[in-house]
Structure formats: C-alpha cells, structure tokens
Amino acid sequence: MTPTTPEQALAELYAGNRRFVTGVPRHPNQDAGHRAAVADGQHPFAVIVGCSDSRLAAEIIFDRGLGDVFVVRTAGHTVGPEVLGSVEYAVTVLGVPLVVVLGHDSCGAVQAAREAVATGTSPAGHLGAVVEAVVPSLRRAARQGIEDVDGIVDIHIAQTVEALLARSAVLADLVAVGRCGVVGMSYRLSAGEVRTVAEVPAGTPTTTVV
Ligand SMILES: [Zn+2]
C-alpha cells in the first residue's frame, strides 16, 4: 500500500534501504505490468532532493521502482528556484507527504567548496553557483569547530532542510499544518546505508524568511 503519512513514507524508505544494504532487494514496481499501471498518473510517496553523485541513485538505494519517489538532484543538493518549484509541485499537485534531503559522505560539491574557500578562488562557469550555495554550510561547520568533510556534509544536509523550509512558504505551510514532513539523510557510499541527521516533523511551526 502506498504510504500516505510522513511517518509511513519514512518507514517505507528505511525498509527499502535495509533490503538494499543487506543484499536482498525486491526491486518492486519495476515490471512491465506496473509500468502500464502507473502510465496514467503518478502518486509518489516521497520527494527526494539528493546530490547528483552517480552512486546515489535514489530508486536503487531505497529499493523502489516506477512511480514511487519524485526525485530532484543537483550537485551538493543545492536548492535554486527550479528545485524549490519541483518540490512544491510534488507536495501540492501530487500531495506527497515526505520531503527527504539526501546527501552522502565524501561529497565532491562539499570538497570543491572547501577548496574554493581555502584558496580564495571560485570555479569558472556555473560551477561557481554550486560552490557558493555550499559555502554557508562550511561557515556554520567552522563556527562549530567541525573540519572533516563528512562532518561538514551532515551540517550541509541540515542546512539544506532549513533552506527548503525558509525559502518555500508553500512547503513550510504544509509542514505547519501537519500534511508534510522533512527529513535530512546522510548516505554512506561503501555501506549503502542511510541515517537521519535532521528532521522537521509534520506539525512543526515554521518561519519563512524569504
Ligand atoms: Zn555529492
């Protein structure tokens, strides 16, 4: 049955990740019959705002299939207007109850931002925008005395959760009225395991700053 609450959706993702980690994936909803069944309409139960890293394929690591998760991916899960618009589409038009920010250890975007700050340079072209979006997380980590990349990654995931809620009044309102929850997860590349590093449960009053 498709999850309809944030709690059910989160449990479903964790169950799928456990199957993936332990090497017993079921590959649900990937057959021709299901493909035909969902052709007329989608009812995904989670939005995943993830890093574009090629090793972070959402449907694989959560052992899901067609029509299950609405995925938006950018390098370093940075959230510009198109990402916010995509999330808002999923939570309003599709009625998705859970938004997940998915980051991972050894994230290249975080490492690039760290290098840029250390050397006082910014990458050429649009890559500079990715780096700039990660820099506030670096500053926050520095204030907390955290210097290792994976520690910074966790802070960047939490920062992304906050950024979604601060910049999307639509999402913040749905969270405040209890229709949607937001969770930040960190993924371990070698173990294949996710863990929750930030959580804004449905029903949490939120403040939109922009
Ligand atoms: Zn990454």
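Residues numbered from 1 in each chain as written. Predicted model: local features only at pLDDT ≥ 70, side-chain atom pairs only at ≥ 80, totals over all residues.

The chain is annotated in an unreviewed UniProt entry as Carbonic anhydrase from Micromonospora eburnea. The UniProt entry for the chain carries the following comment under Sequence similarities (unreviewed entry): "Belongs to the beta-class carbonic anhydrase family." The UniProt entry for the chain carries this comment under Catalytic activity (unreviewed entry): "hydrogencarbonate + H(+) = CO2 + H2O". (UniProt positions renumbered as here; feature names shortened; annotations may be inferred.)

J.: Requested: an account of helix 8 (residues 169-176), with residues and values cited.
T.: Of the residues making up helix 8, those classed as buried are Leu 171, Ala 172, Leu 174 and Val 175. Projected down its long axis, helix 8 shows its buried positions confined to an angular sector of 165°, all on one face. In the core, the buried residues of helix 8 are packed alongside helix 4 (81-92), strand 3 (98-104), helix 7 (149-167), strand 4 (181-187) and strand 5 (194-200). Positive phi appears at Gly 178, one or two residues downstream of helix 8, with a value of about 85°. (Buried ≥ 20, exposed ≤ 12 C-beta atoms within 10 Å, placed from the backbone. Helix = DSSP H or I, 4+ residues; strand = E, 2+ residues; numbered from the N terminus. Arc of directions from axis to C-beta. Contact = placed C-beta atoms within 7 Å.)

J.: Just give me the short version of the packing of helix 5 (residues 108-119) against helix 6 (residues 127-143), but keep the residues and values in it.
T.: Each pair of packed helices gets described by two things: the angle between the helix axes and the distance between those axes. At a closest axis distance of 8 Å, the pairing of helix 5 and helix 6 adopts a crossing angle of 80°. By the angle class used here, helix 5 and helix 6 are roughly perpendicular. Contacts from Ala 109, Val 110, Ala 112, Ala 113, Arg 114, Ala 116 and Val 117 of helix 5 reach helix 6 at Val 130, Val 131, Val 134, Val 135 and Leu 138. Broken down by class, the residue content of the contact of helix 5 with helix 6 amounts to eleven nonpolar, no polar and one charged. (Axes fitted to C-alpha atoms, helices over the stretch in contact; angles between N-to-C directions. Parallel < 35°, antiparallel > 145°, perpendicular 65-115°, else oblique. Nonpolar A, V, L, I, M, F, W, Y, C, P; charged D, E, K, R; others polar.)

J.: Give me the lowdown on the nonpolar core, citing residues and values where you can.
T.: If you look at the biggest cluster of nonpolar residues, it comprises 57 residues, and the most contacted ones within it are Val 47, Val 49, Val 99 and Val 100. In terms of residues, this core owes the most to one element, helix 7, which gives nine residues. Residues contacting Val 47, with those up to four places away along its chain left out, are Phe 70, Val 72, Val 87, Ala 90, Val 91, Val 96, Val 99 and Val 100. (Core = buried A, V, L, I, M, F, W, Y, C linked by C-beta atoms within 7 Å.)

J.: Explain the sheet that holds strand 4 to me, and be specific about the residues and the numbers.
T.: In spatial order, the strands read 2-1-3-4-5; together these five strands make up an open sheet with mixed pairing. In this open sheet, the two strands that pair with only one neighbour each are strand 2 (69-74) and strand 5. Neighbour-to-neighbour, the strand axes of this sheet turn through a mean angle of 20°, independent of strand direction. Here strand 1 (residues 46-51) runs beside strand 3; their pairing, made up of four bridges, is parallel. Its bridge partner lying in strand 3, Ile 48 is registered against Val 100. Contacting strand 3, strand 4 and strand 5, helix 7 runs over the sheet at an angle of about 160° to strand 4. (Pairing = 2+ DSSP bridges.)

J.: Go over the pairing of strand 4 with me, naming the residues and quoting the values.
T.: Within strand 4, seven of the seven residues are buried, which leaves the element mostly enclosed by the surrounding structure. The alternating pattern of strand 4 places Gly 181, Val 183, Met 185 and Tyr 187 and Val 182, Gly 184 and Ser 186 on opposite faces, both of which are buried. Direction of pairing for strand 3 relative to strand 4: parallel, over a ladder of seven bridges. Counterpart to Val 101 in the pairing with strand 4 is Gly 184. With six bridges connecting them, strand 4 and strand 5 associate as antiparallel partners. Bridging across to strand 5, Ser 186 finds its partner in Arg 195. Remark: six residues form the turn of the hairpin made by strand 4 and strand 5, two consecutive strands paired antiparallel; Gly 192 in that turn has positive phi of roughly 80°.

J.: Hey, could you go over unusual backbone geometry for me, with residue numbers and the actual values?
T.: You will see that His 27, though not glycine, has its phi angle at about 45°, which is positive. On the secondary structure map, His 27 appears in the loop between helix 1 (6-21) and helix 2 (32-37). Of note in the backbone geometry, His 77 takes a positive phi value of approximately 35° without being a glycine. By the C-beta count within 10 Å, which is 31 here, His 77 ends up buried.

J.: Describe the UniProt feature "binding site: Zn(2+)" (unreviewed entry) in the chain, and please don't skip the residues or the numbers.
T.: The UniProt record annotates "binding site: Zn(2+)" (unreviewed entry) at Cys 51, Asp 53, His 104 and Cys 107. A maximum C-alpha distance of 8.7 Å among these annotated residues, which run over 57 residues, shows that they cluster at one spot. Summarising the element assignment, Asp 53 is placed in the loop between strand 1 and helix 3 (58-61). In this structure, Asp 53 is in contact with His 104, Cys 107 and Gly 108, ignoring residues within four places of it in sequence. Mapped onto the secondary structure, Cys 107 falls in the loop between strand 3 and helix 5. Owing to 26 C-beta atoms within 10 Å, Cys 107 belongs among the buried residues under this scheme. Not counting the four nearest positions on each side in its chain, Cys 107 is found in contact with Cys 51, Asp 53, Gly 76 and Val 153.

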